Amino acid sequence: MTAEELNNKNSEINPAETPRPDNLEELKKKAGERDRYLEMLQLTRADFENYQKRMDRERGNWIARGATDLAREILAVIDNLERILKSVPGQDRALLQGVELVYRLFLQQLKKQGVEPLAVEKGVPLDPRWHEAVVSEPTAELAPGSIMEVLETGYRYKETLLRAARVK
């Protein structure tokens, strides 16, 4: 804007429109109203952002819960495949290889989703957080409270226990 345009603009201001003491009270009222509305808007925005964060967390929890439920269902299939692998006679190699291939494929797919078998070894002390003792036998070769045999493999989803390893 040039200086001449600015001067013309200033000459257009009507002195009657400039705030007078009687209009100041109304202006203060309007400013207070504006501040209240601004505060309400800021609170609403903060509430909405918190709501979005909470929904994101809950959505993640729903997905994880669904994944663990599905993995637990699939573990029954894995258990049956392991039983087949242990019980098939040695002469039926073709069947055994096919079942082993399916078994490994299941384990690979579960691992991609974060499900892994628990590593349990003979002689390791029983940890009730990860192991469930279903049979107890005294033995001279291992210390008391040590795992003799894994009867059913345990699994975890990331850091959550899906199923404890059932051990002897």
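Its place among the elements puts Ala133 in strand 2 (residues 131-133). Taking C-alpha positions, Ala133 is 5.8 Å from Lys168, a pair spaced 35 residues apart along the chain. In contact with Ala133, not counting residues within four places along its chain, are Leu126 and Val167.

Once that is clear, we can look at the sheet that holds strand 5 (residues 160-163). Read across the sheet, three strands follow the order 1-4-5 without closing on themselves; strand pairing throughout is antiparallel. If you trace the sheet from one side to the other, it starts and ends with strand 1 (115-117) and strand 5, each paired once. Within this sheet the neighbouring strands show an average axis-to-axis angle of 30°, counted without direction. As paired strands, strand 1 and strand 4 (residues 155-157) are joined by three bridges and run antiparallel to one another. Following the sheet pairing, Val115 is matched in strand 4 by Tyr157.

This part covers the sheet that holds strand 6 (residues 165-167). Read across the open sheet, the three strands follow the order 2-6-3; overall the sheet is mixed. Each of the sheet's edge strands pairs with one partner strand only, and the pair in question is strand 2 and strand 3 (150-152). Averaged over neighbouring strand pairs, the angle between their axes works out to 40° when direction is ignored.

What counts and what doesn't
- Residues numbered from 1 in each chain as written.
- Predicted model: local features only at pLDDT ≥ 70, side-chain atom pairs only at ≥ 80, totals over all residues.
- Heavy atoms only, no water.
- Helix = DSSP H or I, 4+ residues; strand = E, 2+ residues; numbered from the N terminus.
- Contact = heavy atoms within 4.5 Å.
- Pairing = 2+ DSSP bridges.
- Axes fitted to C-alpha atoms, helices over the stretch in contact; angles between N-to-C directions.

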